[in-house]
Amino acid sequence: MARTALITGSTSGIGLGIATEFAKAKYNIVFNGLEPNGAEIAANVGKQYGIETMFFPANMLKVDELKDMVTKATEKFGAIDVLVCNAGIQYVSPIEDFPAEKWDAIIGINLTSAFHLTKAVWPKMKEQKFGRIINIASAHGLVASEFKSAYVTSKHGIVGLTKVLGLEGAPFNITANAICPGYVKTPLVDKQIADQAKAHNMSEADVVNKVMLYKQAVKDFVPVETLGQLALFLASEGAKTITGTAMPVDGGWNAQ
Ligand code: NAD
């Protein structure tokens, strides 16, 4: 029977890249995200790869919507075998101007939603003695950059949560791992490029080369396919002894 993966924020960017790799491997996929054409995106991936999909526009800040998504998907597919917590947002500002509501939203979406979703899928994973939690953290889960207080905090937090889940899941063949990407060319980064170009009165090319990729030894954006293939491996039975890790996929940024 096909396994089922629930991937948050999978109607854009990295999440969609991960969903596509799981679709190629014939998983059932529970899509989620706030893009207005999310249902269409999910249906198209389903059609293209001949797999079953569901779509929920559950808001990561609304616990009831998260629980409802897990309940309905479990009713249809029997279990969520793989949970990928990927939905995330960014906001860049010096600490003294950082809006409190942006702090709350970033911690809520990037970190707290993973706690609620994990709680919701855990009992079934425990019962069936198989579960894979994959959290999309960031290179910023391991190191800091200025002006990203909430984001860096949320990503360090999810690395901590991942370690705890790795320990708690071990007796039940539930693993938890965090993937820590460097820069990936997605709508989230496109917005940062445009914002920083405006803020620093620089060209967008200079923002990419002098502000972003200068931290990476490999001067290329990380392809979403790389992240999708790593997630797929972490979801496999063969990866059962890999747990509690935070894996940089960041072109050598964290090697320095
Ligand atoms: P993206 O903006 O392309 O996609 C983010 C997804 O999250 C979208 O589907 C969006 O609808 C969803 N989302 C946002 N807020 C939500 C909410 N309240 N409820 C439900 N869904 C919500 O961004 P991306 O670059 O693909 O980022 C995906 C993840 O990867 C994030 O956690 C991000 O922090 C992380 N990440 C990105 C990069 C990068 O360079 N792009 C690097 C490291 C880590």
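Residues numbered from 1 in each chain as written. Predicted model: local features only at pLDDT ≥ 70, side-chain atom pairs only at ≥ 80, totals over all residues. Heavy atoms only, no water.

## Looking at the pattern of salt bridges
Side chains that differ in charge, positive against negative, can pair when their charged atoms come close.
Part 1 of the reasoning: Per the counting criterion, the structure on display carries eight salt bridges.
Part 2 of the reasoning: The partner of lysine 72 in a salt bridge is aspartate 68, with the nearest N and O atoms 2.8 Å apart. One end of the pair, lysine 72, and the other, aspartate 68, are both in helix 3 (residues 63-77), four residues apart, so they sit about a helical turn from each other.
Part 3 of the reasoning: Aspartate 68 sits in the partly exposed class, given a relative accessible area of 33%.
Part 4 of the reasoning: Here lysine 124 makes a salt bridge to glutamate 127, at a shortest N to O gap of 3.7 Å. Of the two residues, lysine 124 and glutamate 127 are both situated in helix 4 (residues 100-128); the distance of three residues between them amounts to about one turn of the helix. (Salt bridge = Lys/Arg side-chain N within 4 Å of Asp/Glu carboxyl O. Helix = DSSP H or I, 4+ residues; strand = E, 2+ residues; numbered from the N terminus. Buried < 20%, exposed > 50% of the residue type's maximum accessible area, 1.4 Å probe, protein only.)

## Some words on the nonpolar core
Part 1 of the reasoning: Counting residues in each nonpolar core, the largest one holds 33 residues, and the members touching the most others are Val30, Met69, Leu83, Leu117 and Ile133.
Part 2 of the reasoning: When residues of this core are traced back to their parent elements, those giving at least two are strand 3 (53-56), helix 3, strand 4 (82-85), helix 4, helix 5 (149-169) and strand 6 (174-181).
Part 3 of the reasoning: Top element by residues in this core is helix 4. It accounts for eight residues.
Part 4 of the reasoning: Beyond its immediate sequence surroundings of up to four residues, valine 30 is in contact with Thr4, Ala5, Leu6, Ile7, Ser10, Met54, Phe56, Met69, Ala73, Phe77 and Ile80.
Part 5 of the reasoning: Ile7, Phe22, Ala23 and Met247 belong to the second largest nonpolar core, which has 27 residues in total. (Core = buried A, V, L, I, M, F, W, Y, C linked by side-chain atoms within 4.5 Å. Contact = heavy atoms within 4.5 Å.)

## A few points about the site of the ligand
Part 1 of the reasoning: Of all residues adjacent to the ligand, which total 30 residues, the nearest are Ser12, Asn86, Tyr151, Val184 and Thr186.
Part 2 of the reasoning: Take asparagine 59: an N or O atom from its side chain is 3.0 Å from a nitrogen atom of the ligand.
Part 3 of the reasoning: Here an oxygen atom of the ligand and a side-chain polar atom of threonine 186 are 2.4 Å apart.
Part 4 of the reasoning: Isolated, the ligand exposes 820 Å² of accessible area, and the fraction of that covered by the protein chains is 94%.
Part 5 of the reasoning: Elements supplying a minimum of two residues to the shell around the ligand: helix 1 (13-24), helix 5 and helix 6 (187-200). (Near = heavy atom within 4 Å. Polar contact = N/O pair within 3.5 Å; in protein donor to acceptor, adjacent residues only side chain to side chain. Areas by Shrake-Rupley, 256 points an atom, 1.4 Å probe, with all protein chains shown as cover.)

## What about helix 7 (residues 204-212)?
Part 1 of the reasoning: Listing the buried residues of helix 7 in full gives Val207, Val208 and Met212. The arc that holds every buried residue of helix 7, seen down its axis, measures 95 degrees, which confines them to one face. (Arc of directions from axis to C-beta.)

## Structural notes on the sheet that holds strand 1 (residues 4-7)
Part 1 of the reasoning: In space, the seven strands of this open sheet follow the order 3-2-1-4-5-6-7, with parallel pairing throughout. In this open sheet, the two strands that pair with only one neighbour each are strand 3 and strand 7 (245-249). Ignoring which end each strand starts from, the neighbouring axes of this sheet average 15 degrees apart.
Part 2 of the reasoning: Of the strands in this sheet, strand 1, strand 2 (28-32), strand 4 and strand 5 (131-136) are in contact with helix 1, which crosses strand 2 at around 170 degrees.
Part 3 of the reasoning: Lying on the sheet, helix 5 is in contact with strand 5, strand 6 and strand 7; it crosses strand 6 at an angle near 160 degrees. (Pairing = 2+ DSSP bridges. Axes fitted to C-alpha atoms, helices over the stretch in contact; angles between N-to-C directions.)

## Quick word on the domain arrangement of the protein
Part 1 of the reasoning: Per the domain assignment, the segments making up the protein are domain 1 (4-182 + 222-251) and domain 2 (185-221).
Part 2 of the reasoning: Distance from the C-alpha centre of domain 1 to the C-alpha centre of domain 2: 24 Å.
Part 3 of the reasoning: Listed per partner, the contact involves 16 residues of domain 1 and 10 residues of domain 2.
Part 4 of the reasoning: Both sides together, the interface formed by domain 1 and domain 2 hides about 860 Å², and carbon and sulfur atoms give 52% of it.
Part 5 of the reasoning: If you sort the residues of domain 1 by the area they bury against domain 2, Gln90, Val222 and Gly251 come out on top, with a joint share of 42%.
Part 6 of the reasoning: The interface formed by domain 1 and domain 2 includes zero salt bridges.
Part 7 of the reasoning: Across the domain 1-domain 2 interface, the total number found is four residue pairs in polar contact (both at pLDDT 80 or more).
Part 8 of the reasoning: Across the side of domain 1 that touches domain 2, the residue classes break down as six nonpolar, seven polar and three charged. (Domains from an automatic or database assignment. Buried area = accessible area lost by both parts, 1.4 Å probe. Nonpolar A, V, L, I, M, F, W, Y, C, P; charged D, E, K, R; others polar.)

## A look at the packing of helix 1 against helix 2 (residues 38-49)
Part 1 of the reasoning: One way to put it is that helix 1 packs onto helix 2 with a least axis distance of 9 Å and a crossing angle of 30 degrees. The angle between the axes of helix 1 and helix 2 places the two elements in the roughly parallel class. Pair helix 1 / helix 2 crosses with right-handed handedness. Each of Leu16, Thr20, Ala23 and Lys24 in helix 1 lies in contact with helix 2, whose residues at this interface are Ile41, Val45 and Tyr49.
Part 2 of the reasoning: Among the residues forming the contact of helix 1 with helix 2, the class breakdown is five nonpolar, one polar and one charged. (Parallel < 35°, antiparallel > 145°, perpendicular 65-115°, else oblique. Left-handed = near helix turned anticlockwise from the far one by under 90°.)

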